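# Remarks on the overall topology
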Amino acid sequence: MADHQARSGGDERPSGIPAIRWEEPPEGPVLVLLDQTRLPAEEVELVCTDASALVEAIRSLAVRGAPLLGIAGAYGVALAAARGFDVSEAARSIEEARPTAVNLSVGVRRARAAHEAELARGGDPAAAAAAALTAARTLHRQDAEASARMAAHGLALLDELLPGGGHRILTHCNTGALVSGGEGTAFAVALAAHRVGRLRRLWVDETRPLLQGARLTAYEAARNGMAYTLLTDNAAGSLFAAGEVDAVLIGADRIAADGSVANKVGSYPLAVLARHHGVPFIVVAPLTTIDPDTLDGASIEVEQRPGFEVTEVVAPQAQVTGPGGGIPVAPLGTQAYNPAFDVTPPELVTAIVTEEGAVTPVSGEALAGVCKRAREAAAG
């Protein structure tokens, strides 16, 4: 089950908002999430006491973003173990909550493997639960470290491609601290540029239909004092045509072995526009987002979201009449095409920035090489 705890929207909470944390009150361990569906109007914490509550939070996008989903998945397994639930069943339900983001399955499998390994060594259930929690906390820490390294590598790449600073960066969806154990992926690069005085403007796509750009990226940019401007997704072409975009920075939910990138729907058109206008199109993602078992873009399962996300809008304190709980903006019965993601082929990607550096040009061989070097470094 889950409970909500509200905070005043006007408090002085720092910009590095903890999107997820583990707590152990007297009544038992819980996983506390910042409910991202309620931002920016209010900051509400969602308290999960079991895997089913976490699954619902994942499906409703209360918790979202590939790296954070991996962390949440690992903590979800630890929560099930600590509370005495069926760990295998909890792991299965969490892993299946969203099919495209590979980090979710990575996190679930790491915590589950730690739990099973401790049991195989003869450990009792409490020791196995502690092992799962340690795995989750390790993944959380590693993601924060990866975020900082990606920011540094991404800023170095921007300076190489665009010497002189004054970067005007276009971003899509939300890739900041709300999706990460650290300061994010693509947003972290823009934030690094801002901090050294080399960001002139952050262009923020609103990101239809759920407005993650307008609600979340603008929220994070404002909290960090960045110069930003919000635009409708279909205004991006005119922005490129006016020569107002120096680079596109996006995150990723799954990167196939050949370098194809699945990200929030609307990313692929930006890649086409960037190529036409000679603008670098840069993907920023941790190595956990690279899936060597998915050979190419055609093999990526793209999640289809409910049609009411397109046919209705949600406004706080407004009367709702639609079946999805929003205000109808299309005739009743309208069918909607609503993929959560699209896939950008590798030939349209200028570089993929990971915590191990930038991969450019993008190819399956280059991605395999950076993954291999990271494994060898971890083993050594």
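The shown structure was predicted, so the numbers you read here are calculated from the model rather than taken from an experiment.

When helices and strands are counted, the protein shows 11 helices and 17 strands. The globule rule puts the C-alpha radius of gyration for 380 residues at 21 Å, and the 20 Å found for the protein is close to it. Relative to its 380 residues, the protein shows a buried fraction of 53%. For the protein, restricting intrachain contacts to residue pairs at least 6 apart in sequence, the fraction spanning at least 24 positions comes to 75%. Of the accessible surface of the protein, which amounts to about 15,800 Å², a share of 53% is contributed by carbon and sulfur atoms.

To continue, consider the pattern of salt bridges. On inspection of all chains with the given rule, the structure shows 19 salt bridges. Notably, a salt bridge pairs glutamate 43 with arginine 223, separated by 3.0 Å at the nearest N-O pair. A residue pair is termed long-range when its members are at least 10 positions apart, and glutamate 43 in strand β4 (residues 43–48) and arginine 223 in helix α7 (residues 212–223) qualify at 180 residues. Residue arginine 223 is classed as partly exposed on the basis of its relative accessible area, which comes to 26%. Linking glutamate 303 and arginine 98 is a salt bridge whose minimum nitrogen-to-oxygen distance equals 2.8 Å. With a gap of 205 residues between them, glutamate 303 in the loop between β12 (290–291) and α10 (308–311) and arginine 98 in the loop between α3 (87–95) and α4 (102–120) connect regions that are remote in the sequence. When sorted by exposure, glutamate 303 lands in the same class as arginine 98, which is buried. Via salt bridges that share partners, Arg98, Glu303, Arg305 and Glu309 belong to a single interconnected network.

Now for helix α2 (residues 66–82). Over its 17 residues, α2 extends 24 Å from the first C-alpha to the last, a length consistent with the 24 Å expected when each residue adds 1.5 Å. Burial analysis of α2 places 16 of its 17 residues in the buried class, the great majority of the element. Positive phi shows up at glycine 84, right after α2, with a value of about 80 degrees.

All right, on to the UniProt feature "binding site: substrate" (unreviewed entry) in the protein then. As recorded in UniProt, the feature "binding site: substrate" (unreviewed entry) lies at Arg64, Gly65, Ala66, Arg98, Gln212, Asn263 and Lys264. Considering the arrangement of structural elements, one finds alanine 66 in helix α2. Apart from the residues lying within four places of it in its own chain, the contact partners of alanine 66 are Ala101, Asn103, Ala252 and Asp253. With respect to the helices, strands and loops of the structure, asparagine 263 is situated in strand β10 (residues 261–264). With a relative accessible area of 5%, asparagine 263 lands in the buried category.

Moving on, we get to the pairing of β4. Of all 6 residues that make up β4, 6 are buried, and the element is covered over most of its length. In β4, alternate side chains face the same way, and those of Glu43, Glu45 and Val47 on one face and Val44, Leu46 and Cys48 on the other are all buried.

All right, on to the pairing of strand β8 (residues 247–250) then. The two faces of β8 match: Ala247 and Leu249 on one face and Val248 and Ile250 on the other face are all buried. Here strand β5 (residues 167–171) runs beside β8; their pairing, made up of 3 bridges, is parallel. Bridging across to β8, isoleucine 169 finds its partner in alanine 247. The pairing of β8 with strand β11 (residues 281–284) spans 3 bridges and is parallel. Note on β11: the bridge partner recorded for leucine 249 is isoleucine 282.

What counts, and at which threshold
Residues numbered from 1 in each chain as written. Predicted model: local features only at pLDDT ≥ 70, side-chain atom pairs only at ≥ 80, totals over all residues. Heavy atoms only, no water. Helix = DSSP H or I, 4+ residues; strand = E, 2+ residues; numbered from the N terminus. Rg over C-alpha atoms; globule rule 2.2 N^0.38 Å. Buried < 20%, exposed > 50% of the residue type's maximum accessible area, 1.4 Å probe, protein only. Contact = heavy atoms within 4.5 Å. Areas by Shrake-Rupley, 256 points an atom, 1.4 Å probe, with all protein chains shown as cover. Salt bridge = Lys/Arg side-chain N within 4 Å of Asp/Glu carboxyl O. Expected span 1.5 Å × (residues − 1). UniProt positions renumbered as here; feature names shortened; annotations may be inferred. Pairing = 2+ DSSP bridges.

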